[in-house]
Amino acid sequence: MKNKGKAMRNMLLGMLGAAVCMAAMWLSFAYGKDNDRNGLIMSNWPKMPMIRFELSIIFVAFGVPLYYLGAKEMIKAIRLSRRRKSINDLRMARLFDMCMHLSVIGLVFIQGVLVAIAIVYKLLFNTKLMGADIIYVVESLFYYFAIPVFAYLVFSLAGTSISFIYFVINERVKVSKICILFNPLVMFGVGELLKLTKIHYLVDFAAAMIPFGFLLMLAAGMVHVAKMPAARRRRRVE
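Residues numbered from 1 in each chain as written. Predicted model: local features only at pLDDT ≥ 70, side-chain atom pairs only at ≥ 80, totals over all residues. Heavy atoms only, no water.

A. Focus on the pattern of salt bridges. For the structure shown, the criterion picks out five salt bridges. Salt-bridge contacts for Asp97 lead to Arg79; the nearest nitrogen and oxygen are separated by 3.4 Å. On the criterion of sequence distance, the pair formed by Asp97 in helix α3 (residues 87-125) and Arg79 in helix α2 (residues 50-81) is long-range, its members being 18 residues apart. With a shortest N-O distance of 3.3 Å, Lys177 and Glu171 are connected by a salt bridge. (Salt bridge = Lys/Arg side-chain N within 4 Å of Asp/Glu carboxyl O. Helix = DSSP H or I, 4+ residues; strand = E, 2+ residues; numbered from the N terminus.)

Next up, the structure:
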């Protein structure tokens, strides 16, 4: 692989970006103690300081470009690791490529939509509107974005995870088999299990599990890149 040092540096920056996105999601989706959920509505939204939502947007704007640096190197590493004559490897590499790009767009889009909905609810809560009217407005707003939100979420989680697991199981990615767990789909499932505990600090941590999954996947990618042979330089013919 050419420029292994640069690739590993960019993947490290990608991990930093994923960590910043974890902080962004915790700021906006950690609702605290005694929160009640009513469909899409969280009872603690009005109690949350506006600065948390503002910082969440800023963190995502800063973290996603860094994450993209690592995502590009991860895509390149997967592409170089596939067997040239394997049609399944080609298909999975293309799936990984597409879904990693969708994850970059999705982190911004999904976070932006959900934070906007929380802010709208918080602002309307302080008006003279009835509670039922506020819920109707917020849920109507969400339904306009529901299809692309779920599409980005499903493809970015399932597509990247399934293709990554394929390359690990088939030993194209030279890491331990335990790394099949290092993906956003598994971490999303862990987050859902944490929510079932009803312990508020575990439920709050679950908000950051999706970018945590991407962080772990980039970490496994760094190990793989470190094991890849360096590209040989061609000798000049004089």
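What follows continues from the structure just given.
B. Region of interest: helix α7 (residues 209-227). Here α7 spans 28 Å end to end across 19 residues, near enough to the 27 Å set by a 1.5 Å rise per residue. A large share of α7 lies buried, amounting to 14 of its 19 residues. (Expected span 1.5 Å × (residues − 1). Buried < 20%, exposed > 50% of the residue type's maximum accessible area, 1.4 Å probe, protein only.)

C. Highlighting the side chain of Arg52. Structurally, Arg52 can be placed in helix α2. We note that Arg52 is buried and unpaired, the nearest opposite charge coming from Asp204 at a distance of 6.6 Å. In contact with Arg52, not counting residues within four places along its chain, are Trp26, Leu27 and Ala30. (Lys, Arg positive; Asp, Glu negative; His and termini not counted. Contact = heavy atoms within 4.5 Å.)

D. Broad picture of the side chain of Ser156. Considering the arrangement of structural elements, one finds Ser156 in helix α4 (residues 131-169). Exposure remark for Ser156: the relative accessible area of 6% places this residue in the buried category. Within the local environment of Ser156, its side chain forms a polar contact with the backbone oxygen of Tyr152, the two atoms lying 2.6 Å apart. Setting aside chain neighbours within four positions, we find Ser156 in contact with Cys99, Leu102, Ser103, Pro184 and Phe214. (Polar contact = N/O pair within 3.5 Å; in protein donor to acceptor, adjacent residues only side chain to side chain.)

E. Here's a closer look at the nonpolar core. Judged by nonpolar contacts, the single largest core of 60 residues is most densely connected at Trp45, Tyr67, Met74, Phe96 and Met100. Elements represented by at least two residues in this core include exactly α1 (4-29), β2 (41-42), α2, α3, α4 and α7. The element best represented in this core is α3, accounting for 13 residues. With sequence-adjacent residues up to four places away left out, Tyr67 is seen in contact with Leu13, Gly14, Gly17, Ala18, Met100, Ser103, Val104, Leu107, Phe214 and Leu218. (Core = buried A, V, L, I, M, F, W, Y, C linked by side-chain atoms within 4.5 Å.)

F. Main features of the state of the cysteines. One pass over the full model with this rule turns up zero disulfides. The thiol of Cys21 is not disulfide-bonded; the next cysteine sulfur, from Cys99, is found 18 Å away. (Disulfide = S-S within 2.5 Å.)

G. Broad picture of a nonpolar patch on the surface. A cluster of nonpolar side chains, contributed by Ile51, Leu55 and Ile58, occupies part of the molecular surface with about 260 Å² of accessible area. Considering the arrangement of structural elements, one finds Ile51 in helix α2. Since its relative accessible area comes to 47%, Ile51 is described here as partly exposed. (Patch = residues over 30% accessible without salt bridge, like charges linked within 9 Å, V, L, I, M, F, W, Y side chains within 5 Å. Areas by Shrake-Rupley, 256 points an atom, 1.4 Å probe, with all protein chains shown as cover.)

H. Structural detail: the packing of aromatic side chains. Applying the stated criterion to the full structure yields nine aromatic pairs. Centre to centre, the rings of Tyr31 and Trp45 are 6.4 Å apart; their planes meet at 75°, and the pair counts as edge-to-face. You can see Tyr31 sitting in the loop between α1 and β1 (37-38) and its partner Trp45 sitting in the loop between β2 and α2, a full 14 residues away along the chain. This pair shows no difference in class: Tyr31 is buried, exactly as Trp45 is. An aromatic cluster is present here, built from Tyr31, Trp45, Tyr121 and Phe125 joined pairwise through their rings. We note Arg52 situated over the ring of Trp26; from NZ or CZ to the ring centre the distance is 5.3 Å. (Phe/Tyr/Trp six-rings, centres within 6.5 Å; stacked < 30°, edge-to-face > 60°. Lys NZ or Arg CZ within 6 Å of the ring centre and 35° of its normal.)

I. Here's a closer look at the confidence of the model for the protein. Mean pLDDT over the protein: 89, with 96% of residues reaching 70 or higher. Here residues 232-238 is modelled with pLDDT under 50, and outside its nearest four sequence neighbours on either side it reaches zero contacts, counting other chains as well. (pLDDT = per-residue confidence, 0-100.)

J. Here's a closer look at the packing of α3 against α4. Across the interface, α3 lies against α4 with an axial gap of 6 Å and an inter-helix angle of 155°. Between α3 and α4, the interaxial angle falls into the category roughly antiparallel. For the element pair α3 and α4, the recorded crossing hand is left-handed. When its residues are assigned to classes, the contact of α3 with α4 shows 34 nonpolar, seven polar and one charged. (Axes fitted to C-alpha atoms, helices over the stretch in contact; angles between N-to-C directions. Parallel < 35°, antiparallel > 145°, perpendicular 65-115°, else oblique. Left-handed = near helix turned anticlockwise from the far one by under 90°. Nonpolar A, V, L, I, M, F, W, Y, C, P; charged D, E, K, R; others polar.)

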